[in-house]
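# Inside the fold
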Amino acid sequence: MIDQTNITNQEIEESFKRDGYVVVENIIQDHDLEPIRKHIKTRVEEYAHEQYAAGNISSLYNRESFERRYAVICEELSIYPRSWIGHTYGREFYDLYNLPGILHVLSVIHGPEISNIGSPALRTKLPGSVITSFPWHQDSQYVDQATIGKKERHTENLLMVTVWVPLVEATVPNGCCWVIPGSHRWGLLDGVRGQDSNIRMEENIEGRGQPTPVPLKPGGALFMSNLCVHTSKLNTSNGCRWSIDFRYFPTVDRNNFTPEQRQAAEFVRDKMRRGGKEPLVVLTRGHKPSWEEWDTANRKLQSNSRHTD
Ligand SMILES: O=C(O)CCC(=O)C(=O)O
């Protein structure tokens, strides 16, 4: 584990190349995570009111902590949602993708011209939730396989980086991430997306490397290659393990690609655009979009897709 206050760029680069991931602590100031926590609290508050008004829950649970409130509501509803109940777009997300500590590490491990894919995963990992105990996978498997049961391979030779950020302390009991160091050198492995939307590997991956937990305090971030094999196990605590992860890839028009890499980068960009999300250039020697410019591009994309529906 690396503390950015006393880490050299060389150590970051070497760890990422050797292990396929690097953990950097103390890279984000706590107040920089508050807008995302506030976004979650606001939606959970609304949700509590909706469910209470519908007579589905007996209390608003407004004295519960950030970790407990959503967990208690879902417990009473007897549900384990796989996905976040709110949206994941807005100024707070633009700011998150552009946090200076994160961009610094990305500039070291990735290089000068990269974009955020435009859509994060806000994780609501609830106590006892099996559906959010993601089986061992590589992120390329999720990016490449859109259709359940259909194996597709697009991004094996395109370096993408997942940044995983805890919003509460991530521990082994509450289901922190686990990685297999060096697994990014195994290529894109066979795995398939099941009916529950989760990808499952076709081999016993734990027998092939050294599963390693990555407990992490808020302020730290885990940077993983798209080929790093990782998982997160059951949350056996009584609180929700809130976290957010987001992905970066080489900007399509600003890199010297091989034809195969260009195709892969275009695949990622086009997939995001079809879903109404414009990738956001975060590191560049050229023009970097402001929030207003990115927002306008997203609105245009969404209005075009409404007109072609
Ligand atoms: O946050 C988790 O529990 C799993 C995250 C993950 O697998 C990913 O970011 O690809």
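A short tour of the structure in this document, coming up. Each residue is numbered by its place in its chain's sequence as written, counting from 1. The predicted origin of the model limits local features to residues at a pLDDT of at least 70 and limits the giving and counting of side-chain atom pairs to 80 or more, whereas totals for whole chains, interfaces and linings rest on all residues. Water and hydrogen atoms play no part in the side-chain values, which are based on all heavy atoms of the structure.

## Section: the site of the ligand
Here is the rule we go by: The cutoff for a nearby residue is simple: one of its non-hydrogen atoms must lie within 4 Å of the molecule or strand. Polar contacts, as used here, are pairs of N or O atoms within 3.5 Å; protein pairs need one atom able to donate a hydrogen and one able to accept it. Residues neighboring in sequence count only if both atoms are side-chain atoms. Secondary structure counts use DSSP, requiring at least four H or I residues in a row for a helix and at least two E residues in a row for a strand, with both numbered from the N terminus. Each residue receives one of three labels: charged for Asp, Glu, Lys and Arg, nonpolar for Ala, Val, Leu, Ile, Met, Phe, Trp, Tyr, Cys and Pro, and polar for the others, Gly being one of them.
As a matter of local geometry, the ligand sits amid R123, F134, H137, D139, W164, H230, S232, R241, D245 and R247. In the environment of the ligand, an oxygen atom lies 2.6 Å from a nitrogen or oxygen atom belonging to the side chain of S232. At a separation of 3.2 Å, an oxygen atom of the ligand approaches a polar side-chain atom of D245. Those elements that provide at least two residues to the shell around the ligand are strand 11 (230-232) and strand 12 (241-250). Considering every element that reaches the shell around the ligand, the biggest residue donor is strand 12, with 3 residues. Here the residues of the shell around the ligand are counted per class, giving 2 nonpolar, 3 polar and 5 charged.

## Remarks on the sheet that holds strand 6 (residues 177-179)
Our working rule: One requirement defines pairing of two strands: DSSP has to find at least two bridges between them. Helix axes are fitted to C-alpha atoms over the stretch in contact, other axes to C-alpha atoms as well, and angles between N-to-C directions run from 0 to 180 degrees.
Strand order in this open sheet of 3 strands is 9-6-11, and the pairing throughout is antiparallel. Each edge of the sheet is formed by a strand with only one pairing partner; in this case those strands are strand 9 (212-214) and strand 11. On average, each strand axis in the sheet is tilted by 30° relative to the strand beside it, whichever way the strands run. Of the pairings in the sheet, the one linking strand 6 to strand 9 comprises 3 bridges and is antiparallel in character. For W178, the partnering residue across the bridge sits in strand 9 and is P213.

## Let's talk about the side chain of E278
Note the cut-off: Residue exposure (1.4 Å probe, protein chains only): buried if accessible area is under 20% of the type maximum, exposed if over 50%, otherwise partly exposed. When checking whether two residues touch, look at their non-hydrogen atoms; a contact exists if any pair is within 4.5 Å.
Note on placement: E278 falls in the loop between helix 7 (259-274) and strand 13 (280-283). Overall, E278 belongs to the buried group, its relative accessible area being 16%. Polar contacts involving the side chain of E278 include one to the side chain of R273, which spans 3.0 Å. Once you skip the residues sitting within four places of it in the chain, E278 turns out to touch I117, G118, R273, W294, A297, N298 and L301.

## Details of the packing of aromatic side chains
Filter applied, for reference: A pair of aromatic rings is counted whenever rings of Phe, Tyr or Trp (Trp by its six-membered ring) have centres within 6.5 Å, and the orientation is called stacked for planes under 30 degrees apart, edge-to-face for over 60 and tilted otherwise.
Enumeration according to the criterion identifies 12 aromatic pairs in this entry. With centroids separated by 5.6 Å and ring planes inclined at 20°, the aromatic side chains of F66 and W242 adopt a geometry described as stacked. With F66 in helix 3 (residues 66-77) and W242 in strand 12, this residue pair connects regions lying 176 residues apart in the sequence. On the basis of relative accessible area, W242 is assigned to the buried category, the value being 1%. For the pair Y97 and W294, a centre-to-centre distance of 6.2 Å together with 80° between the ring planes defines the contact as edge-to-face.

## As for helix 2 (residues 30-53)
Rules: Working rule for helices: expected span equals 1.5 Å times residues minus one. To obtain the bend at a residue, axes are fitted to the seven residues ending there and to the seven starting there, and the angle between these axes is taken.
In this model helix 2 runs 34 Å from its N-terminal to its C-terminal C-alpha over 24 residues, within 8% of the 34 Å that 1.5 Å per residue would give. Where helix 2 bends most, at I36, the angle is about 30°. Burial in helix 2 covers these residues: L33, I36, R37, H39, I40, R43, V44, Y47, A48 and Q51. Of the surrounding secondary structure, the elements contacted by the buried residues of helix 2 are helix 3, helix 4 (91-97), strand 4 (121-125), strand 5 (161-166) and strand 12. Immediately downstream of helix 2, the backbone of G55 shows phi near 75°, a positive value.

## Examining the nonpolar core
This is how the line gets drawn: Take the buried residues of types Ala, Val, Leu, Ile, Met, Phe, Trp, Tyr and Cys, join any two whose side-chain atoms come within 4.5 Å, and each joined set is a nonpolar core.
Counting residues in each nonpolar core, the largest one holds 55 residues, and the members touching the most others are I102, L106, V163, F223 and W242. Counting residues in hydrophobic clusters, the runner-up holds 19 residues, among them Y21, W136, L216 and M224.

## Notes on the pattern of salt bridges
What counts here: Here a salt bridge means any side-chain nitrogen of Lys or Arg lying within 4 Å of a carboxyl oxygen belonging to Asp or Glu.
Evaluated as defined, the whole model comprises 22 salt bridges. Here R37 and D30 are joined by a salt bridge, their closest N and O atoms 3.1 Å apart. Here R299 and D295 are joined by a salt bridge, their closest N and O atoms 3.0 Å apart. Of this pair, R299 and D295 are both found in helix 8 (residues 291-308), 4 residues apart, which corresponds to roughly one turn of the helix. Assessed through its relative accessible area of 12%, D295 is described here as buried. A single salt-bridge network, built from bridges that share partners, covers R123, D139, D245 and R247.

## Concerning unusual backbone geometry
Excluding glycine, a negative phi dihedral is what most residues carry, and trans is how most peptide bonds are arranged. If you check the backbone angles, N26 has positive phi at about 50° while not being a glycine. Note that N26 resides in the loop between strand 2 (21-25) and helix 2. Its relative accessible area of 48% is what places N26 among the partly exposed residues. Phi at Y61 takes a positive value of approximately 55°, unusual for a residue other than glycine. Its location among the elements puts Y61 in the loop between helix 2 and helix 3. The exposure class assigned to Y61 is buried, which follows from its relative accessible area of 16%.

## Some points on the packing of helix 2 against helix 3
Put simply, the test is: Working definition: roughly parallel below 35 degrees, roughly antiparallel above 145 degrees, roughly perpendicular at 65 to 115 degrees, and oblique for all remaining angles. Note: crossing handedness is left-handed where the near helix turns anticlockwise from the far helix by less than a right angle, and right-handed where it turns clockwise.
Two elements in contact, helix 2 and helix 3, have axes whose closest approach is 11 Å; the angle formed by their N-to-C orientations is 30°. Taken as axis vectors, helix 2 and helix 3 run roughly parallel relative to one another. Judged by the sense of rotation from one axis to the other, the crossing of helix 2 with helix 3 is left-handed. Facing R37, I40, K41, V44, E45, Y47, A48 and Q51 of helix 2, the residues of helix 3 in contact are F66, R69, Y70, I73 and L77.

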